[in-house]
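Chain and residue survey
Residue-level listing of the chains:
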Amino acid sequence: MRATTKGRIGAVALGVAAAGLGLLPWWMTGARLPLQNLWGTNNTDMPFALAPFSQYYVHAVAAYFIVGAGLAGLITGFTPGLRARRWWVVLGVSGLQGIAVIQSAFVTLLGLKGNGESQLYFAVISTGLALCLVTAFLTCVLCSLGFGSGTKTHAAGRWASPGWLIGTTLFVLFVGGWIRELASVIAPHQDMSMLSSITLWVTPVGVGFAVVVVGVHTSGRIAATVGALALLWVTPAAITASASVLGSRVMLKEWREVPEYALQVFQQYLFMPELSLRPIVVAAVIALAGLTLRYVLQGRSRG
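Residues numbered from 1 in each chain as written. Predicted model: local features only at pLDDT ≥ 70, side-chain atom pairs only at ≥ 80, totals over all residues. Heavy atoms only, no water.

**Quick look at the overall build of the protein chain**
The helix and strand tally for the protein chain stands at 13 helices and zero strands. For the protein chain, the spread of C-alpha atoms along the principal axes amounts to about 75 × 55 × 35 Å. Expressed as a percentage of its 303 residues, the buried residues of the protein chain come to 44%. Of the contacts formed within the protein chain by residues at least 6 apart in sequence, a portion of 75% connects residues at least 24 apart. When the accessible surface of the protein chain is totalled, it reaches about 15,300 Å², and 69% of it is carbon and sulfur. When the 19 basic and 8 acidic side-chain charges of the protein chain are each reduced to a single mean position, those positions are 28 Å apart. (Helix = DSSP H or I, 4+ residues; strand = E, 2+ residues; numbered from the N terminus. Buried < 20%, exposed > 50% of the residue type's maximum accessible area, 1.4 Å probe, protein only. Contact = heavy atoms within 4.5 Å. Areas by Shrake-Rupley, 256 points an atom, 1.4 Å probe, with all protein chains shown as cover. Lys, Arg positive; Asp, Glu negative; His and termini not counted. Charge placed at Lys NZ, Arg CZ, Asp CG, Glu CD.)

**Things to note about the packing of helix H10 (residues 219-246) against helix H12 (residues 258-270)**
Where H10 contacts H12, the axes come no closer than 8 Å and their chain directions differ by 140°. When the axes of H10 and H12 are compared, the pair comes out oblique. Considering how the two elements wind past one another, H10 and H12 form a crossing that is right-handed. Of the residues in H12, those touching H10 at Trp233, Val234, Pro236, Ala237, Ala238, Thr240, Ala241, Ser244 and Val245 are Val258, Tyr261, Ala262, Val265, Phe266, Tyr269 and Leu270. Partitioning the contact of H10 with H12 into residue classes produces 14 nonpolar, two polar and no charged. (Axes fitted to C-alpha atoms, helices over the stretch in contact; angles between N-to-C directions. Parallel < 35°, antiparallel > 145°, perpendicular 65-115°, else oblique. Left-handed = near helix turned anticlockwise from the far one by under 90°. Nonpolar A, V, L, I, M, F, W, Y, C, P; charged D, E, K, R; others polar.)

**Some remarks on a nonpolar patch on the surface**
Side chains of Leu21, Leu24, Met28 and Ile186 sit close together on the surface and give an oily, nonpolar patch of about 340 Å² of accessible area. The residue leucine 24 is located in helix H2 (residues 24-27) in this model. (Patch = residues over 30% accessible without salt bridge, like charges linked within 9 Å, V, L, I, M, F, W, Y side chains within 5 Å. Salt bridge = Lys/Arg side-chain N within 4 Å of Asp/Glu carboxyl O.)

**Focus on the confidence of the model for the protein chain**
With 92% of its residues at a pLDDT of 70 or more, the protein chain shows a mean pLDDT of 88. The secondary-structure element of the protein chain with the lowest mean pLDDT is helix H11 (residues 249-253), recorded at 64, while H2 shows the highest, at 97. Between residues 149-156, whose pLDDT stays under 50, and residues either more than four places distant or in other chains, the model counts 20 contacts. (pLDDT = per-residue confidence, 0-100.)

**Quick notes on the packing of aromatic side chains**
Overall, the coordinates contain seven aromatic pairs when judged by the stated rule. Taking 6.4 Å as the distance between ring centres and 35° as the angle between the ring planes, the aromatic pair formed by tryptophan 87 and phenylalanine 137 counts as tilted. One end of the pair, tryptophan 87, is in helix H5 (residues 86-111); the other, phenylalanine 137, is in helix H6 (residues 116-143), and 50 residues separate them in sequence. Judged by its relative accessible area of 51%, tryptophan 87 falls in the exposed class. The interplanar angle of 80° and the centroid separation of 6.0 Å between the aromatic rings of tryptophan 233 and phenylalanine 271 together place this pair among those described as edge-to-face. Highlighted residues: tryptophan 233 in helix H10 and phenylalanine 271 in the loop between H12 and helix H13 (273-302), separated in sequence by 38 residues. Here the aromatic residues Phe53, Tyr121 and Phe122 are joined through ring pairs into a cluster of three or more. In this structure, arginine 294 is placed above the aromatic ring of tryptophan 159, and the distance from its NZ or CZ to the ring centre is 3.5 Å. (Phe/Tyr/Trp six-rings, centres within 6.5 Å; stacked < 30°, edge-to-face > 60°. Lys NZ or Arg CZ within 6 Å of the ring centre and 35° of its normal.)

**A look at the nonpolar core**
Residues Phe53, Tyr64, Phe65, Ile125, Leu165 and Phe174 are the most contacted members of the largest nonpolar core, which totals 69 residues. Among the elements of the structure, helix H1 (2-22), helix H3 (58-77), H5, H6, helix H7 (162-186), helix H9 (202-214), H10 and H13 are those that each provide at least two residues to this core. It is H3 that contributes the most residues to this core, twelve residues altogether. Not counting the four nearest positions on each side in its chain, phenylalanine 174 is found in contact with Ala62, Ala63, Ile66, Val67 and Ile239. (Core = buried A, V, L, I, M, F, W, Y, C linked by side-chain atoms within 4.5 Å.)

**Brief notes about unusual backbone geometry**
Its identity is not glycine, yet alanine 31 carries a phi of approximately 55°, on the positive side. Residue placement: alanine 31 occurs in the loop between H2 and H3.

**Examining the environment of phenylalanine 53**
Position of phenylalanine 53 among the secondary structure elements: in the loop between H2 and H3. For phenylalanine 53, a relative accessible area of 1% puts it in the buried group. The spatial distance from the C-alpha of phenylalanine 53 to the C-alpha of valine 101 is 8.1 Å, given a sequence separation of 48 residues. Apart from the residues within four sequence positions on either side, phenylalanine 53 is in contact with Leu33, Pro34, Gln36, Ser104, Ala105, Thr108, Tyr121, Phe122, Ile125, Ser126 and Leu129.

**Some words on the side chain of serine 276**
Tracing the sequence through the fold places serine 276 in helix H13. What makes serine 276 buried here is its relative accessible area of 2%. Within polar-contact distance, the side chain of serine 276 engages the backbone oxygen of leucine 270 at 2.7 Å. Setting aside chain neighbours within four positions, we find serine 276 in contact with Trp233, Tyr269, Leu270 and Phe271. (Polar contact = N/O pair within 3.5 Å; in protein donor to acceptor, adjacent residues only side chain to side chain.)

What follows is the structure, encoded as structure tokens:
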């Protein structure tokens, strides 16, 4: 009984630690609530906030949450002893992140003006943070699958589960942004152009290697591979479109025009080959080369 209790406590602690690591770039800034355009007073001494509550930080919060959750899930998925307690790990991750959202929303609500515009702003940002929280939860759960449903194949090792590929794809989609956030805190006055160029390749390379780990020898794995490539194609366009809306005070006021404007930006990004198609090609080439090598080695081991 004591061993079981200690194991559960350790799993929760891992989840909390990983979620805290995800939020580290924000906490290193001093974790003061960003200045609010609709703040009810002239006092610029903003309160402490475990997570930033602002239209300009929604995508940063997504990176904080999803990277922390994905890290916890990946550690769990490849650790047999933890995999049996993965829901306790998920509890630790979602618990800390949920507390961060509630606390930051509460201190923001206390300071905002009480007019209709403030209420709309609060509702929109709260919804965005809730979506970040749900996506982080799914990422942690899927990444924690690891080799849980894999099959042993002679000397070729084990194959990770199809769900793991989707979770890992979500994770690597935001790793580059998390690295840039951390670097901007550590060296705020340094030129980050080279780092930005390098981190842009983290996602396609990561997706390509993840496909190799999962394989394409069943219909479920083929579907997961197609889904991962679709996420690689669609997610950056969706992030760009939502950032265009959230970063514009004009668009937030003219909310009836938001869907049309967001769709326009989304489509423009989606069909620009140099932005959206190049990462898919890189991921596909890495996956094809890696799978070919793996299947060749597998055939030799059987022979």
